[in-house]
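Chains, contacts and geometry: an overview
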Amino acid sequence: MTRAPARRRRWDLSIAGAVIAVLFLLPYLAMVLGSLKPRSEILRIPPDYLPRSWRPGNYIDMWHTPETPLPFNMVSTLAIAVLATVVVLGVAVPAAYYTARQRFPGRALFLLLVLITQMLQPAVLVTGLVREFLALNAEDTWFAMILVNAAFNLSFAVWILHGFFAAIPKEIEEAAALDGLNRLMILLRVDLPLIWPGLVTATIFTFVSSWNEYAAGLVILTTPENQPLSVALTKFVGQYDTAWQYVFAISTVGIVPVVILFAVIEKRLVAGLTAGSVK
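Below, the structure is looked at part by part. (Residues numbered from 1 in each chain as written. Predicted model: local features only at pLDDT ≥ 70, side-chain atom pairs only at ≥ 80, totals over all residues. Heavy atoms only, no water.)

1. Things to note about the overall build of the protein chain
- Each helix and strand in the protein chain was counted, giving 13 helices and zero strands.
- Across its three principal axes, the protein chain shows a C-alpha extent of roughly 75 × 70 × 30 Å.
- Excluding contacts between residues fewer than 6 apart, the proportion of contacts in the protein chain whose partners are at least 24 apart in sequence is 73%.
- About 16,800 Å² of surface is accessible on the protein chain, with carbon and sulfur atoms providing 69% of the total. (Helix = DSSP H or I, 4+ residues; strand = E, 2+ residues; numbered from the N terminus. Contact = heavy atoms within 4.5 Å. Areas by Shrake-Rupley, 256 points an atom, 1.4 Å probe, with all protein chains shown as cover.)

So this is what it looks like as structure tokens:
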């Protein structure tokens with residue numbers, strides 16, 4: 001008697017999930033199809049959902065448009081996102097490990113201040129950031145953007161890694177110390193493999209946030225070749241005319257690295273987000 005309701009509930013959940021998935025995927029499908037149309041078809045009223053004239057050449061032509069040097073923008077975006085992620089992990093891992101293992105004066109206040117920085121956004125502090133980088137003679141450089149992205153993603157990484165380190169029993173580290181490992185080797189060979197889901201979670205969120213950063217890139221990076229894709233995309237949107245076919249094509253290319261990254265580490269990302277939810 002219980003199998004039929006359970007089977008029906010499973011079907012209901014599957015249908016509801018499929019409907020939600022379609023609703024979320026439709027805008028992306030429209031974007032991909034728009035990138036394969038000529039501009040005249042995109043502006044047609046009523047619109048055609050499928051292209052009448054397929055233009056895959058939009059993905060080639062967009063790299064040679066006079067509006068912006070897209071190859072340099074892609075390299076800039078990738079370099080800033082990757083290096084900012086490396087900096088965040090390089091700082092967050094020892095900071096989270098120390099706060100999880102040491103009971104020093106002001107520890108709670110330190111963690112609170114780390115959390116407060118998450119409430120601040122580059123757009124709010126942009127004036128101060130520009131003045132600071134001007135004083136350091138680092139304006140319009142990758143270095144400035146790497147520091148900004150690292151600073152505004154560091155608090156999230158410290159907090160999530162702090163929880164993972166705190167969940168590791170101290171007895172494991174004590175046993176490793178008895179085997180002759182020093183503190184650094186314990187961290188690298190014992191603790192890091194145990195907090196791998198947390199590292200993956202911190203990596204993906206930092207990378208995606210740095211990849212999509214717009215406000216800071218718009219103000220700090222003024223040279224067209226240094227600007228990220230999020231800023232370069234706006235060059236195709238004019239006051240009287242917009243190259244929609246290139247806007248859609250660039251947007252599609254821009255989400256591909258993030259989609260690939262999610263697909264590769266999706267299982268570990270879910271494990272990192274749900275770790276500790278069940279005891």
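So much for the structure itself; the text now carries on.
2. What about the packing of helix H8 (residues 170-178) against helix H9 (residues 183-194)?
- Look at H8 against H9: their axes get within 10 Å of each other, and the N-to-C directions meet at 135°. With respect to their mutual orientation, H8 and H9 come out oblique. Seen from above, H8 lies across H9 with right-handed handedness. Contacts between H8 and H9 involve Ile172, Glu173, Ala176 and Ala177 from the former and Arg183, Ile186, Val190, Asp191 and Leu194 from the latter.
- Here the contact of H8 with H9 is built from residues that sort into six nonpolar, no polar and three charged. (Axes fitted to C-alpha atoms, helices over the stretch in contact; angles between N-to-C directions. Parallel < 35°, antiparallel > 145°, perpendicular 65-115°, else oblique. Left-handed = near helix turned anticlockwise from the far one by under 90°. Nonpolar A, V, L, I, M, F, W, Y, C, P; charged D, E, K, R; others polar.)

3. Quick look at the packing of H9 against helix H10 (residues 196-212)
- Between H9 and H10, whose axes approach to 4 Å, the crossing angle comes to 75°. Judged by the inter-axis angle, H9 sits roughly perpendicular to H10. On H10, the residues touching Leu192, Pro193 and Leu194 of H9 are Trp196, Pro197 and Leu199.
- Here the residues of the contact of H9 with H10 are counted per class, giving six nonpolar, no polar and no charged.

4. Here's the deal with a nonpolar patch on the surface
- Together, Trp11, Ile15, Val19, Val22, Leu23, Leu26 and Leu29 make up an exposed nonpolar region whose accessible area comes to about 710 Å².
- Within the secondary structure layout, Val19 lies in helix H1 (residues 3-35).
- What makes Val19 partly exposed here is its relative accessible area of 45%. (Patch = residues over 30% accessible without salt bridge, like charges linked within 9 Å, V, L, I, M, F, W, Y side chains within 5 Å. Salt bridge = Lys/Arg side-chain N within 4 Å of Asp/Glu carboxyl O. Buried < 20%, exposed > 50% of the residue type's maximum accessible area, 1.4 Å probe, protein only.)

5. Quick notes on the pattern of salt bridges
- Applying the stated rule across the entire model yields two salt bridges.
- As a salt-bridge pair, Arg101 and Glu173 come within 3.1 Å of each other at their nearest N and O atoms. On the criterion of sequence distance, the pair formed by Arg101 in helix H4 (residues 70-101) and Glu173 in helix H8 is long-range, its members being 72 residues apart.
- Assessed through its relative accessible area of 5%, Glu173 is described here as buried.
- Across the pair Arg183 and Glu173 runs a salt bridge whose closest N-O atoms are separated by 3.6 Å. Here Glu173 lies in helix H8 and Arg183 lies in helix H9, a separation of ten residues in the sequence.
- Each of Arg101, Glu173 and Arg183 takes part in a single network of salt bridges with overlapping partners.

6. What about the environment of Val91?
- Mapped onto the elements, Val91 comes out in helix H4.
- Taking the relative accessible area as the measure of exposure, Val91 reaches 41% and is therefore partly exposed.
- Residues Val91 and Pro46, spaced 45 residues apart in sequence, show a C-alpha to C-alpha distance of 53 Å.

7. So, the side chain of Lys37
- By secondary structure assignment, the location of Lys37 is in the loop between H1 and helix H2 (39-42).
- Here Lys37 is in contact with Ile42, Asp48, Tyr49, Leu50, Pro51, Ser53, Arg55, Asn58 and Gln245, once residues within four sequence places are set aside.

8. Considering unusual backbone geometry
- Residue Pro46 is reached from Ile45 by a cis peptide bond, and omega for that bond is -5°.
- Looking at the element boundaries, Pro46 is found in the loop between H2 and helix H3 (58-61).
- A positive phi angle, close to 60°, is found at Asn137, a residue other than glycine.
- For Asn137, the position within the fold is in the loop between helix H6 (126-135) and helix H7 (142-166).
- The exposed category is assigned to Asn137, whose relative accessible area is 63%.
- If you check the backbone angles, Asp140 has positive phi at about 60° while not being a glycine.
- With respect to the helices and strands, Asp140 occurs in the loop between H6 and H7.

9. Some remarks on H10
- The terminal C-alpha atoms of H10 lie 24 Å apart, and with 17 residues this matches the ideal 24 Å at 1.5 Å per residue to within 8%.
- When H10 is considered as a whole, its buried residues turn out to be Pro197, Gly198, Leu199, Val200, Thr201, Ala202, Ile204, Thr206, Phe207, Val208, Ser210 and Trp211. (Expected span 1.5 Å × (residues − 1).)

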